[in-house]
Every structure is written in structure tokens, then in C-alpha cells.
Amino acid sequence: MAENELAAFRERWKQELTGKKDEKPLLVGASTSSQGLPGQSGKKDLKNANKTCNSPKLKDDVGERGDVTAAAEAEEDQPQYVSIARSLLDGRTSPLLDRIQEERTRRKRHYHSMTNVCSASLQQQQQQPQRKAKKEEELVDQLIQDLNEVNDIPFFDIELPYELALKIFQYLSCTELGRCAQVSRAWRVLAEDSVLWFRMCTREGFHEDASVSDSPCWKSTLRDCRNSAKTVSSNWKNRVGSISQLQFELGKVLCDVSSCDSFVLAGYTSGDVRLWDTLHWDSAASYLKANSLSANTEPRPHVSHVQVNGTVAAAAYEDGCVDLWSTETGGQPIHHYQSPGRIQALALSPDSPVLLSAAGSDVRLDRADDRGYWRTACQARLPTPVDSVVLVPGRGQQCPLAALTAGEAVYLLDPREEEPQTLHSVYGHPVTCLDASDSQVAFGVKRTGWAMHDGGNKIHVYSLETSKPTVCVGNSPGDFTCINLRDGPPHLLVCGNKDRRVRVFDLRTGSSVASLYAHHLGVTSVQADDWKIVSGGGEGLVCVWEMRMGAKLWEMHNRHPVRHVRFDTSTLVTANIPDDKSPRGACITDDDLTAHRRHRGVICHYDFSEDALSQDHVLPICRSDYTESHGYNYNIGLAVPYDRLSGSHSSH
């Protein structure tokens, strides 16, 4: 009953408000004192509503947001009491309070949003140095954090194809791949993909010639390779491994040695050439036969130079003959030619079948064609006799390039050009050593006269692309005797000098990285990698150095100068070659030309990949026990007091 009366009251009030709006000008101008108008009761109610709105309590609430209320009133065309009345008729008991509460909520949200922005900006400024230090980790962490906020499948499973996701993952490191593998099952499949770990394995230098199908799990292969590399590095530093002395022709003197990969080639005064494959010691290709001309000559000419790479081996004799053999088959030579004079220099490309020889001032370059037949690519004559030659690696057999030194000049020989190109020539400043990489050539220059006041002897580095000098390093009063640019890390040059020092230079800045006092009779050979240096001296010492600290790790000594030093990840080959190739016997009147072992020279092969707990890494001199019945053989194990009284050693 009450609801019906209220609805009737509201309807009647609406009608009165409508009527009052039409009569608004009349109501404003008149005194409205009449008592019989139909809207008189409604007018009284409106006055009561105005009084309610003007009460002190409501004024306090409205005063807090006076600007907002005024703006709302200015926007409305009708009077305020009309809007209040209509709100009351719609059933809202306090329309102004609702509007005030909405404005308060809006301003409170705006305040909180501004506060959050300011706090985030301050945190970002405080954490900016840390983010720069850990940029790569934070990118991955932020990606994982954003994905954790999503309850659906990661976007790689929905948006990106598998190959594209794999393309993105290949830029991550091992640690980052491990973190991504914890996101979801789909990401774990991506992070453990064999292609990713295969590329990472080859990028770090392991199994560079392998294919993806060669290993069922490249992740485990990379882990094993890293552990093995760590063990080998420790063995290098502590001199743990096996050592072998390569001997072939007893009683003859060693003339020259060359090594590449697992092959070691040696030439002797007897005219014999021996090839060792350190991976297959019993290989049939180890026995190389000389050409018929040199073999039938009495006495047989000495071997003057030898060179070897992964496919062919070459040797030059004192009579001017040059022989080439296949490292796979050995036996008879596959190519032979005779030079009119003695071979002064011989070079073999490290990665292609290209041979360069120099006899006096005549230069000859031979190479194999696509069918394996050797042909002469070019011949040239220089103004002065050739001192040293080197073939630029990475050029292939179709477009070989050679660098030559002759007195004071350095030349570039390209078979496609008619004449050799003069790269460097300064009168009175002879070239002492030479080496080349795939993009640069370096050589030492001996300065004389007033030029010594300009800093001493120098090493000049030229670009093979532009034939222009790029950097000049070194400042030594002694002559540079050896340079290694090809086998070292990029942008590093290691060299040896007669002033007893080994120097390492950074070619990007021209500054010295290391300077080591190494050999008191001068440095004769040297090689370096990213952390160690191996040097050989004229006194017969082979020294291994730690580059960063400049400390000597260990040394080995043999008679005669060290003319050859070459190492890879786990092996080291050194050769002590005598200067005197025709020594006499123990007595000056002895006509026996069989050289004593102290005159022969020695080749040493070190293998640091052996297990430290294996018996093979112990030198043969230390392997005997007390139960042996044969005579004393320099066995350290027999050095006990009661062994001196043993009857088994009475012969000594």
C-alpha cells in the first residue's frame, strides 16, 4: 500500500515540476502569494529540499569538492533544485554525496598512479648501473618474468614456428639455455635441441669438421670436450703427459724438421726422409723413397729442406732435386723436378697442394690441378737471391699467393700477374725474418747506421688486401730472428730476437703485450696461443710461458739449437737441429763418419692429453721395478743402497 502511494506521489510531483518549468518566468516575476495554486504543496517541498541542501553538514562535504560541484552545475542547463528533485524522484536518497564520492575515487586513483610512476622512475635510476653490468641476464630474466605472468602456453608455442624460435635461441649461452629450459616443456625441447649444441660446440673449436648426425647428444659432447680441455690445460701447466723421441736414421745427423697436424717430417744427412703419423705410429706411409737420381748418387746428397701439410710432403736435396710424396700412400714420389742450383728456400701451403721453391734468384711455384696432376704455375726471377719464402694460407690451389724476401726487399708473387710486386724495400735495411697470415704479412727489418737512433730494429706489418703498411712494432737493438703470425690468435704477433727476449704485440694498438727474458743465446723459434707461449733458444732450451703473468711454467733441455717448435691443443713437437752437419768421431783422426748421438739432434713429441694416472705418461727411464734382472739402465727405481751390492749390476 505504501509503495503504491509513493509511486502516485512521485508521478504527481513530476507533473507539477513540468508545469512549474513552463510557468518559470511568471514564478520568478510574481510574489507567489496565492494559496489556491495546484503546485503550492510541491513548492513548499522544494523549499524544504533547498534547506536540506544548505544545511551545515552538507555544506562541509560539498566544500571539500566545491570546484567539482561548480563545474557540474555550470554544465547543466536546468536549475540545481530541479536536478536534486529529479534525483530524489529516481530513488536516490543522496545524489550529491554519490557524486562527491565518485570524484574522490577518481582523484585517489590518479594520485596512486602518479606515485607508482615516480617510485618506478626512482628505482630505475638506482638500478641502472646494475642493469648495465648484467644486461644479458636481465633480458632473459625479464622475458621469463613476463611469461610467468601469463597462465596460457608461452608465445613460442602459439605465435612462432619452431625454426624461428630456434634461430632466437642460438644467440644464448649455455647458462641462459639452462634457464630457458626451466620455463616449460616446450622451451626445454627448444633449449636441448641438438642443432643448438652442435653449433655451440663448433663455435668453441671442438669437432669443427663434424656434422650434426655424428653425435647422438651434442650437449654431452660439449660437456666432455670442456672437461677434456680443462684437463689438457692443467697438464700443460704441470708438465703431465707422455714424451717420445722420434729417431729413424741412427748415426746420421738431423738436417730439417717440419710438422703439421699429426704429421712430423724429418730429413737426414744420409739423404733419407722419414714421415711419422703420431695418430698411427705403424702407418705404412712412414717410409718415403727418394727419386732414382738422388738414390743412385754416391754419396747421396743431404736433405736441405722439408715441408709437410695434411696431404703432401716435400723435400729438397743439396743437388737441387725436389720430391713430393702423398702422406696417405707414401712410397714413391708423386712429383719430382730438378733445379739448376741448390734450393735456398722451400714452402708448402698449409691447406692446399701448392709448393714454392727458390734456387738463387729463381722462383718456381707448382700446384696440383683438379685431377691431381702437378703442374708449374709460374716461374720468376728476382734481382737478388731469395732468402726466405712463405705461402699465404687460405688462398686455395687456384689462386695462391706467396711472400718472398730477397736482401732488402719483400715481394708478393701472384701467378696471375706477370711480375712479382714489390711490397717493401729500403736500401741498407735487410729483412731478417718473414711470416704471413690469411690477411697480413709481417717481416723483421734490421736497421743500420743512423737509422738505429730511430728506435732500433722494427717489425713491419702490411695488409695483403691493400698492400699498404698497417702497423710498425718493435724497438730492439738486436735482430729479429723469428716471427709467428699465422698460428697465433687474431691481432697478436709473437717474435723472437737475438737480444734474448720473446715479445708479443697487439697489432690493433701497436702496443707490447709481453716481453720475456727467455734464452741467453738468442731466440730461434716461437709460437703462442691465447694463454701460453712456447719458445726455443740457441742453447737448446724449450720454455713454456704463461702469457698473462709472464711466468715460466717449465723448460726442457737438449743439445743443439731449437729450430722447430709447433704445438696444437694437446701436443707439442720440438726439434733440436745441429749446425754442424758433418761431425767427426770421438777422435780428431778418426775417419768414421758415423756421428755420435750427441751430434745427431733430436725430435721430441709431447702429448698432454694422457691421463695423469696412466703409466704411459711416465718417462721410460722411470718405469722399471726392483725385480728386473738386466743391467742398470738409468732406472731411478733402482737408486736404493742395497742395489749397489747386487750381483746383477756387477757388469757396470
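Residues numbered from 1 in each chain as written. Predicted model: local features only at pLDDT ≥ 70, side-chain atom pairs only at ≥ 80, totals over all residues. Heavy atoms only, no water.

**Focus: the overall build of the chain**
Next up, step 1: Along the chain, the regular secondary structure elements total 16 helices and 32 strands.
Next up, step 2: Each of the 652 residues in the chain was classed as buried or not, and the buried ones make up 42%.
Next up, step 3: Of the contacts made within the chain by residues no fewer than 6 positions apart, 44% connect residues no fewer than 24 positions apart.
Next up, step 4: Entry remark: accessible area of the chain is about 37,200 Å², with carbon and sulfur atoms responsible for 50%. (Helix = DSSP H or I, 4+ residues; strand = E, 2+ residues; numbered from the N terminus. Buried < 20%, exposed > 50% of the residue type's maximum accessible area, 1.4 Å probe, protein only. Contact = heavy atoms within 4.5 Å. Areas by Shrake-Rupley, 256 points an atom, 1.4 Å probe, with all protein chains shown as cover.)

**Quick look at the packing of aromatic side chains**
Next up, step 1: Following the criterion strictly, the structure yields 8 aromatic pairs and no others.
Next up, step 2: Both rings, one in tryptophan 554 and one in tyrosine 606, keep their centres 6.1 Å apart while their planes meet at 50°; by these two values the pair is tilted. A residue pair is termed long-range when its members are at least 10 positions apart, and tryptophan 554 in strand S29 (residues 551-557) and tyrosine 606 in strand S32 (residues 602-607) qualify at 52 residues. Neither tryptophan 554 nor tyrosine 606 differs from the other in exposure class; each is buried.
Next up, step 3: An aromatic cluster is built from Trp236, Trp554, Phe567, Tyr606 and Phe608, whose rings are joined through pairwise contacts. (Phe/Tyr/Trp six-rings, centres within 6.5 Å; stacked < 30°, edge-to-face > 60°.)

**Points about the sheet that holds strand S11 (residues 354-359)**
Next up, step 1: One open sheet holds the 4 strands; their spatial order is S10-S11-S12-S13, and the pairing between them is antiparallel. In this open sheet, the two strands that pair with only one neighbour each are strand S10 (345-348) and strand S13 (374-381). Across the sheet, the axes of successive neighbouring strands diverge by a mean angle of 15°, strand direction being ignored.
Next up, step 2: With 4 bridges joining them, S10 and S11 adopt antiparallel strand pairing. Note on S11: the bridge partner recorded for alanine 345 is alanine 358. (Pairing = 2+ DSSP bridges. Axes fitted to C-alpha atoms, helices over the stretch in contact; angles between N-to-C directions.)

**Here we look at the sheet that holds strand S9 (residues 335-338)**
Next up, step 1: On the basis of which strands lie adjacent, the open sheet formed by 4 strands has the order S6-S7-S8-S9 and antiparallel pairing. The open sheet terminates on both sides in strands that have one partner only, identified here as strand S6 (303-308) and S9. With direction set aside, neighbouring strand axes in the sheet form an average angle of 10°.
Next up, step 2: As paired elements, strand S8 (residues 321-326) and S9 share 4 bridges and run antiparallel to each other. For leucine 324, the partnering residue across the bridge sits in S9 and is histidine 335.

**Quick word on helix H10 (residues 162-169)**
Note: α-helices contain 3.6 residues per turn, so residues at a spacing of three or four share the same orientation.
Next up, step 1: Listing the buried residues of H10 in full gives Ala165, Leu166 and Phe169. Viewed along the axis of H10, the buried residues span an arc of 105°, placing them on a single side of the element. (Arc of directions from axis to C-beta.)

**Concerning the pairing of S13**
Next up, step 1: The sheet contact formed by strand S12 (residues 362-368) and S13 spans 7 bridges and is antiparallel. Within the sheet, the bridge partner assigned to alanine 368 lies in S13 and is tryptophan 374.
Next up, step 2: Hairpin connection between S12 and S13: a loop of 5 residues separates the two successive antiparallel strands, and glycine 372 in this loop has a positive phi of roughly 95°.

**Comments concerning the pattern of salt bridges**
Side chains bearing opposite charge may pair, as long as their charged atoms lie close to each other.
Next up, step 1: Enumeration over the complete set of coordinates arrives at 17 salt bridges.
Next up, step 2: For aspartate 529, the salt bridge identified is with lysine 532, shortest N-O distance 2.6 Å. When sorted by exposure, aspartate 529 lands in the same class as lysine 532, which is buried. (Salt bridge = Lys/Arg side-chain N within 4 Å of Asp/Glu carboxyl O.)

**A closer look at the pairing of S10**
Next up, step 1: Both faces of S10 are covered, namely the face carrying Ala345 and Ala347 and the face carrying Leu346 and Leu348.
Next up, step 2: What sits between S10 and S11 in their antiparallel hairpin is a turn of 5 residues.

**Details of unusual backbone geometry**
Next up, step 1: Phi at arginine 239 takes a positive value of approximately 55°, unusual for a residue other than glycine.
Next up, step 2: Mapped onto the fold, arginine 239 is located in the loop between helix H14 (218-238) and strand S1 (242-245).
Next up, step 3: Positive phi is not limited to glycine here, since serine 467 has a value of about 60°.
Next up, step 4: With respect to the helices and strands, serine 467 occurs in the loop between strand S20 (457-463) and strand S21 (469-476).

**Focus on the side chain of histidine 424**
Next up, step 1: Its location among the elements puts histidine 424 in strand S17 (residues 421-425).
Next up, step 2: Within the structure, the side chain of histidine 424 is placed 3.1 Å from the side chain of tyrosine 462, a separation counted as a polar contact. (Polar contact = N/O pair within 3.5 Å; in protein donor to acceptor, adjacent residues only side chain to side chain.)

**Some details on the environment of isoleucine 483**
Next up, step 1: Inspection of the secondary structure assignment puts isoleucine 483 in strand S22 (residues 480-484).
Next up, step 2: In this structure the C-alpha to C-alpha distance between isoleucine 483 and glycine 496, which are 13 residues apart in sequence, comes to 6.6 Å.
Next up, step 3: Setting aside chain neighbours within four positions, we find isoleucine 483 in contact with Cys433, Asp435, Ala442, Phe443, Gly444, Ile459, Leu493, Val494 and Cys495.

**A short note on the side chain of histidine 335**
Next up, step 1: Its place among the elements puts histidine 335 in strand S9.
Next up, step 2: A polar atom in the side chain of histidine 335 sits 3.4 Å from the side chain of aspartate 366.
Next up, step 3: Here histidine 335 is in contact with Val322, Asp323, Leu324, Asp366 and Trp374, once residues within four sequence places are set aside.

**Considerations on the confidence of the model for the chain**
Next up, step 1: Averaged over every residue, the pLDDT of the chain is 78; the share at 70 or more is 70%.
Next up, step 2: Confidence drops under pLDDT 50 across residues 24-76; counting only partners more than four residues distant or on other chains, this segment forms 40 contacts.
Next up, step 3: A low-confidence stretch, residues 150-154 stays under pLDDT 50, and its non-local contacts, those more than four residues away or across chains, total 3 contacts. (pLDDT = per-residue confidence, 0-100.)

**Some details on the packing of helix H13 (residues 194-203) against H14**
Any two packed helices are characterised by how steeply their axes cross, that is the angle between the axes, and by the distance between the axes.
Next up, step 1: Where H13 contacts H14, the two axes come as close as 8 Å, and the packing angle between them is 25°. In terms of axis orientation, H13 runs roughly parallel to H14. In the crossing of H13 with H14, the sense of the turn from one axis to the other is left-handed. For the pair H13 and H14, contact is made by Ser194, Trp197, Phe198, Met200 and Cys201 and by Trp218, Lys219 and Leu222, respectively.
Next up, step 2: Residues of the contact of H13 with H14, tallied by class, amount to 6 nonpolar, 1 polar and 1 charged. (Parallel < 35°, antiparallel > 145°, perpendicular 65-115°, else oblique. Left-handed = near helix turned anticlockwise from the far one by under 90°. Nonpolar A, V, L, I, M, F, W, Y, C, P; charged D, E, K, R; others polar.)

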